[in-house]
Amino acid sequence: MKKRSSEKKRHVVSWINKAEWDQVLEYLYSKDPGLQRYALNRISAWKARYVNSTPVAVDCTADLVRCQVLDRSGQVGGDDLVLLYGAALVRFVNQITERQQGRTARPLRRLAGNLNIPEWVVELRHDVTHRKMPTLKWCRKGCKVVLDWLQQEYWSRQLGGGANEGWDCQSDLDEEEMDLKRQEDELLAKQKEMEAYKTARELLISFENEQFKTCDGLQEELRRSAWPAPLADMSWILAEIKQFSVESSGLLVDALLEDGFLVPTMEQLQTLGCDSPDDDSLTEPRLPQTFLRFWLPLLKMLNSPSFIHLLLEKLFVELKLLTTEQNNHRVFYISAWISEVFLCNSNKFEFHFETKVQKKNRMKDRIFVNRIQLRWQQLLSACLDAPCTSTPHLLQLILDDMEHPLPLDTRQRLLQLCSIYTQSAPPDLAPPPQYKQPIYTLESLHEKLQHSRRHSHARRSRADLERSESSQEHKSSDVHEKAELLRGSPWQVCVDKVLWKNFPLGKIPGQSEDPSCLMVENYSTMTVFDQPVELESSSTTHTAAGVSAPMRTSEGLLWSHSDVNKLKTGLKLF
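**Let's talk about the overall build of the protein**
Stage number 1. Helices and strands together make up the secondary structure of the protein, namely 23 helices and 2 strands.
Stage number 2. Looking at the protein residue by residue over its 574 residues, the buried ones come to 35%.
Stage number 3. For the protein, the proportion of contacts with a sequence separation of at least 24, taken over those separated by at least 6, is 67%.
Stage number 4. As presented, the protein carries roughly 38,000 Å² of accessible surface, and 52% of it is formed by carbon and sulfur atoms.

Encoded structure:
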């Protein structure tokens, strides 16, 4: 016999009857610690009877009430209470939101928001789990709000009452208290950042001290050879800096860009035996080799694509800030480090005829060896946003090394505009090697023609431009110019007015669509026997290669066995 659909499903519970349930609920939310202990003991009995059927809300309520009982007893210290409250709040957020998770993990804030759990409770749980432990005051507030939420969302509904209208979990928190907590969090974050920044500076200063100890009295040797291998103390410092970069690479780069590190002071340059840069060196800044070798152990250890991207980004940001200041010394070294990274990443300076030893020595002075996929569009924009005397040089390096280079006209115009804006000497616009190559395609003809026109226009005066010829004469000079460029080439200029883009390759104007039009109309066949053969007095005529010609008989051309062997020995394989 089938059950009725309206019949309620029955399941086993741990409590004896509804009276016991009501009593436990009343005692849990009472202010009497003795009654609360009695309710906690009854819940422990429920777990012993049927542990798997105990509702999650009942467990969470018992954990939080137990924290309140211990707090009111005065027998537990403040730090211990924070740990107890924190564990109970973490278990509440995790267990309540666990059933809302699907196959794909979703943020706890979103899941808690769907359940009307205050967001700051989730933040409290996050602080307990990952950050600095919250204060006891906030733990008590969190416990009270969560217990109210459990009473409204679970216990009241089990009694059939439903949630009260207008109930808000955050009603107990004043706006002033929320602002105070937010300010405390911001202050703590700033303090942590300042401490981490101070740690980064101390590590870099330790690195510099060890390097200066190494270079005492070795200036001449350092100019001729590489830097000595790091000692044990230096290896320990590099390991500490490596670990710090994993946690706070941004703060490490910020510290590196301060004066006294990647931007040396005058005293540091004198100690290393390096000359201070002058104004003329700003056009093509290059790092002094001794100063570069000073920082190579650290930069090679930090070498990674993410670090190089971050370093370039910070360098260009710093260069942009210097546009409003007159600090040529700092501009030089910031630009020189950018240039050094680009040169390390470039493949233009490969020497194919050097020995392995020479190549190994050259690679020692590079920050990294393998090419990195840089973000060229972002670097191009950052370079143009930071105009200075070194910008044309940096822009030239970017345009020459881009994975997908810009058109030649665009590159030259960018360089010209940049030189005008920075009031520096115009860049070298000499024709690239491809314009010295022979013309093989129509594209190469157009590029060479445009390049020839560009240089001819640059040499003309403004008066010559005003006395331009008519359009017909200009067209004829254009054809003549193309013909001059094609002199000695197998190509010729077509003077007919034909839109060649409308004809596919291999087809000419007026050609029929029928393929049979390619066949000749009159032709004749000739057999091998009818081919003319010059006969000499001797039956066999020797060729220049020493092979005799075939004899003509009534049956046609015949080869003897010796003739075939001579042909085989005289063949050459290509």
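Moving on from the coordinates now.
**Focus on the side chain of Ser346**
Stage number 1. Structurally, Ser346 is set in the loop between helix H15 (328-345) and helix H16 (356-363).
Stage number 2. For Ser346, a relative accessible area of 8% translates into the label buried.
Stage number 3. Beyond its immediate stretch of four places on either side in the chain, Ser346 contacts Arg366, Arg371 and Asp401.

**Focus on the packing of helix H18 (residues 391-401) against helix H19 (residues 408-422)**
Stage number 1. The interhelical angle for the contact between H18 and H19, taken along N-to-C directions, is 165°, at an axis separation of 9 Å. One element, H18, and the other, H19, form an angle in the roughly antiparallel class. The handedness of the crossing between H18 and H19 is right-handed. Residues Thr391, Pro392, Leu395, Gln396 and Leu399 of H18 pack against Arg411, Leu414, Leu415, Cys418, Ser419 and Thr422 of H19.

**Comments concerning unusual backbone geometry**
Stage number 1. Phi is positive for Asn116, close to 65°, though the residue is something other than glycine.
Stage number 2. With respect to the helices, strands and loops of the structure, Asn116 is situated in the loop between helix H5 (108-114) and helix H6 (119-130).

**Considering the packing of aromatic side chains**
Note on aromatic pairs: each is described by the distance of the centres and the angle between the planes.
Stage number 1. If you walk through the whole model with that rule in mind, you get 15 aromatic pairs.
Stage number 2. Arranged with centres 5.9 Å apart and planes meeting at 65°, the rings of Trp120 and Trp138 form a pair that is edge-to-face. Of this pair, Trp120 sits in helix H6 while Trp138 sits in helix H7 (residues 136-158), and the two are 18 residues apart along the sequence. Just as Trp120 is buried, Trp138 falls in that class too.

**Let's talk about the pattern of salt bridges**
Stage number 1. This structure, assessed with the given rule, holds 15 salt bridges.
Stage number 2. One salt bridge in this structure joins Arg371 and Asp401, with 3.1 Å as the shortest N-O distance. Placement of the pair is Arg371 in the loop between H16 and helix H17 (376-384) and Asp401 in helix H18, with a sequence separation of 30 residues.
Stage number 3. Taken together, the shared-partner salt bridges in this structure form one network comprising Asp63, Arg66 and Arg91.

**Quick word on the nonpolar core**
For soluble globular proteins, nonpolar side chains are generally found buried alongside one another.
Stage number 1. Membership of the largest hydrophobic core comes to 74 residues, with the highest contact counts inside it found for Ile241, Trp295, Leu298, Trp337 and Phe342.
Stage number 2. Dropping the residues within four chain positions of it, Ile241 is found in contact with Leu203, Leu204, Phe207, Leu252, Leu298, Met301 and Leu302.
Stage number 3. Of all hydrophobic cores here, the second largest spans 44 residues; its members include Trp15, Trp46, Ala112 and Leu124.

**A look at the confidence of the model for the protein**
Stage number 1. On average, the protein scores 75 in pLDDT, and the residues at 70 or more come to 69%.
Stage number 2. Within the protein, the element-level pLDDT minimum falls on helix H21 (residues 462-466), averaging 43, and the maximum on helix H14 (residues 305-321), averaging 93.
Stage number 3. Counting contacts from residues 161-174, a segment whose pLDDT is below 50, to residues more than four positions away or on other chains yields 25 contacts.
Stage number 4. The model gives residues 458-473 a pLDDT under 50, and that stretch makes 2 contacts with residues more than four places away or in other chains.

**Regarding helix H1 (residues 18-28)**
Stage number 1. Within the sequence span of H1, burial applies to Glu20, Trp21, Val24, Leu25, Tyr27 and Leu28.
Stage number 2. Looking at the buried positions of H1, the neighbouring elements they touch are helix H2 (33-49), helix H3 (56-73) and H7.
Stage number 3. The backbone nitrogen of Ala19 lies 3.2 Å from a side-chain oxygen of the residue at the head of H1, namely Asn17.

**A short note on the side chain of Ser419**
Stage number 1. Looking at the element boundaries, Ser419 is found in helix H19.
Stage number 2. Engagement of the side chain of Ser419 in a polar contact is seen with the backbone oxygen of Gln416, the distance being 2.7 Å.

**Quick notes on the environment of Val69**
Stage number 1. With respect to the secondary-structure elements, Val69 resides in helix H3.
Stage number 2. Separated by 37 residues in the primary sequence, Val69 and Asp32 place their C-alpha atoms 9.0 Å from one another.
Stage number 3. Contacts of Val69, omitting those with residues within four sequence positions, involve Gln36, Arg37 and Leu40.

**Overview of helix H4 (residues 78-98)**
Stage number 1. Compared with the 30 Å implied by 1.5 Å per residue over 21 residues, the 30 Å span of H4 between its first and last C-alpha is a close match.
Stage number 2. Those residues of H4 lying buried are Leu81, Val82, Tyr85, Gly86, Ala88, Leu89, Val90, Phe92, Val93, Ile96 and Thr97.
Stage number 3. Turning to H4, the residues buried within the fold contact H3, H5, H6 and H7.

**Thoughts on the environment of Gln101**
Stage number 1. Tracing the chain through its elements places Gln101 in the loop between H4 and H5.
Stage number 2. Each C-alpha atom of the pair Gln101 and Leu111 lies 7.8 Å from the other, and the pair is 10 residues apart in sequence.
Stage number 3. With near-sequence residues (within four places) excluded, Gln101 lies in contact with Arg106, Leu108 and Leu111.

**A closer look at the packing of H1 against H7**
Stage number 1. Where H1 meets H7, the axes come as close as 10 Å, and the angle between the chain directions of the two elements is 150°. Put simply, H1 runs roughly antiparallel to H7. Crossing angle aside, the handedness with which H1 passes H7 is left-handed. Seen from H1, the contacting residues are Trp21, Leu25 and Leu28; seen from H7, they are Tyr154, Trp155 and Gln158.
Stage number 2. When the residues that make up the contact of H1 with H7 are grouped by side-chain class, the tally is 5 nonpolar, 1 polar and no charged.

**Thoughts on the environment of Asp32**
Stage number 1. Tracing the backbone through its elements, the reader meets Asp32 in the loop between H1 and H2.
Stage number 2. Assessed through its relative accessible area of 39%, Asp32 is described here as partly exposed.

Thresholds applied
- Along each chain, numbering runs from 1 in the same order as the chain's sequence is written.
- Selection of residues for local features in this predicted model requires a pLDDT of at least 70, selection of side-chain atom pairs for listing and counting requires 80 or more, and totals for whole chains, interfaces and linings are taken over all residues.
- Here the side-chain values reflect all heavy atoms present in the structure, with hydrogen atoms and water set aside.
- Each helix is a run of DSSP H or I of at least 4 residues and each strand a run of E of at least 2, with the numbering of both proceeding from the N terminus.
- Three labels apply to residues, based on accessible area from a 1.4 Å probe with only protein chains included: buried if under 20% of the type maximum, exposed if over 50%, partly exposed otherwise in between.
- Whether two residues are in contact is decided by their heavy atoms: any pair within 4.5 Å suffices.
- Here, Shrake-Rupley sampling with a 1.4 Å probe gives the accessible areas, and only protein chains in the shown set may cover a residue.
- Axes, fitted as lines to C-alpha atoms, cover a helix only where it is in contact. Angles between the N-to-C directions of the axes lie from 0 to 180 degrees.
- Should an angle lie under 35 degrees it is considered roughly parallel, over 145 roughly antiparallel, and from 65 to 115 roughly perpendicular; all remaining angles are considered oblique.
- Here is the rule for handedness: rotate from the far helix to the near one, and if that takes an anticlockwise turn smaller than a right angle the crossing is left-handed, while a clockwise turn gives right-handed.
- Two rings belonging to Phe, Tyr or Trp (six-membered ring only in the last case) form a pair when the distance between their centres is within 6.5 Å. Interplanar angles under 30 degrees mark stacking, angles over 60 mark edge-to-face geometry, and anything in between is tilted.
- Here a salt bridge means any side-chain nitrogen of Lys or Arg lying within 4 Å of a carboxyl oxygen belonging to Asp or Glu.
- As used in this record, nonpolar core signifies buried Ala, Val, Leu, Ile, Met, Phe, Trp, Tyr and Cys residues forming a set joined through side-chain atoms within 4.5 Å.
- As a per-residue quantity, pLDDT reports the predictor's confidence and falls between 0 and 100.
- As used in this structure description, the phrase polar contact means that two N or O atoms lie within 3.5 Å; if the pair is within protein, one of them must be able to donate a hydrogen and the other to accept it, and residues adjacent in sequence are counted only when both atoms belong to side chains.
- Take the number of residues in a helix, subtract one, and multiply by 1.5 Å to get its expected span.
- Under the grouping applied here, Gly and all other residues not named as nonpolar or charged are polar, the nonpolar ones being Ala, Val, Leu, Ile, Met, Phe, Trp, Tyr, Cys and Pro and the charged ones Asp, Glu, Lys and Arg.

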